[in-house]
Amino acid sequence: LEEAKMYLRVDSTEGDNLIESLIDAAETYLENATGKTFDSSNYIARLFCLTLVTDWYENRGLVVGKVGEGIRPVIESLLAQLNYCYPEVVE
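Computed from a predicted model, the values in this text were never measured in an experiment. Numbering of residues starts from 1 in every chain and runs along the sequence as written. In keeping with the model being predicted, local features are shown solely for residues with a pLDDT of at least 70 and side-chain atom pairs are shown and tallied solely at 80 or more, while totals for entire chains, interfaces and linings include all residues. Each side-chain value is derived from all of the structure's non-hydrogen atoms; neither hydrogens nor water enter the calculation.

Looking now at the packing of aromatic side chains. Centres within 6.5 Å make a pair out of two Phe, Tyr or Trp rings, where for Trp the six-membered ring is used; the pair is then stacked when the planes are under 30 degrees apart, edge-to-face when over 60, and tilted otherwise. Summed over all chains, the structure comprises 2 aromatic pairs. When the ring of Tyr29 is compared with that of Phe48, the centres are 6.0 Å apart and the planes differ by 40 degrees; the resulting orientation is tilted. Of this pair, Tyr29 sits in helix α2 (residues 16-34) while Phe48 sits in helix α3 (residues 43-58), and the two are 19 residues apart along the sequence. Given a relative accessible area of 24%, Tyr29 falls into the partly exposed group. When the ring of Tyr29 is compared with that of Trp56, the centres are 6.1 Å apart and the planes differ by 65 degrees; the resulting orientation is edge-to-face. One end of the pair, Tyr29, is in helix α2; the other, Trp56, is in helix α3, with 27 residues separating them in the sequence. Only protein chains enter the accessibility calculation, which uses a 1.4 Å probe; a residue whose area is less than 20% of its type maximum is buried, one above 50% is exposed, and one in between is partly exposed. Here Trp56 falls in the buried class, since its relative accessible area comes to 3%. One aromatic cluster is present, formed by Tyr29, Phe48 and Trp56 through successive ring pairs. Only DSSP runs of H or I with at least four residues qualify as helices, and only runs of E with at least two residues qualify as strands; both kinds are numbered from the N terminus onward.

This is the structure we're talking about:
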């Protein structure tokens, strides 16, 4: 939570429940997209989740679970790296 809040530049505790929900959703998204469980020791997996959390947090009016058009290439690139470059780390 603290890493995500730092990444989002959020200082208050008001949105902690929302941010925690977005983190859970991002980790589930990663698992659904790759078939692999989130591993917080993998920097690419953390960056993937932080990127999704940021996109969903900044676009709260949209549906969570949908990747914004502007961020889609980044998400696809990170997923490709997680699938092909780090298969032993994200299992």
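Our focus in this paragraph is the nonpolar core. Grouped together as the largest cluster of nonpolar side chains are 22 residues, with contacts concentrated most on Ile19, Leu30, Phe48 and Leu52. Residue assignment for this core shows that the elements contributing at least two residues are α1 (2-8), α2, α3 and α4 (72-84). At 9 residues, the largest contribution of residues to this core is made by α3. Contact between two residues is taken to exist if any of their heavy atoms lie within 4.5 Å; hydrogens are not considered. With residues up to four places along the chain from it excluded, the contact list for Phe48 reads Ala26, Tyr29, Leu30, Ile75, Leu78, Leu79 and Leu82. For this analysis, a nonpolar core means a set of buried residues of the types Ala, Val, Leu, Ile, Met, Phe, Trp, Tyr and Cys, connected via side-chain atoms within 4.5 Å.

Packed helices, taken two at a time, are described by the angle between their axes plus the distance between the axes. Note on geometry: axes are lines fitted to C-alpha atoms, helical ones only across the stretch in contact, with angles between N-to-C directions running from 0 to 180 degrees. The contact between α2 and α4 brings their axes to 11 Å, and the two run at 60 degrees. Here α2 is positioned oblique relative to α4, judged by the angle of their axes. Handedness of the crossing formed by α2 with α4: right-handed. For the pair α2 and α4, contact is made by Leu30, Ala33 and Thr34 and by Leu79, Leu82 and Asn83, respectively. Every angle not falling under 35 degrees, over 145, or within 65 to 115 is termed oblique; those three ranges are roughly parallel, roughly antiparallel and roughly perpendicular. Note on convention: near helix rotated counterclockwise from far helix by under a right angle means a left-handed crossing. Clockwise means right-handed.

Bringing the side chain of Lys36 into the picture now. When you line up the elements, Lys36 lands in the loop between α2 and α3. Under the relative-accessibility criterion, Lys36 is labelled buried at 15%. For the purposes of these results, a polar contact is taken to be a pair of N or O atoms within 3.5 Å, where, inside protein, one atom must be able to donate a hydrogen and its partner to accept one; residues adjacent in sequence count only when each atom of the pair is a side-chain atom. Within polar-contact distance, the side chain of Lys36 engages the backbone oxygen of Asn83 at 3.5 Å.

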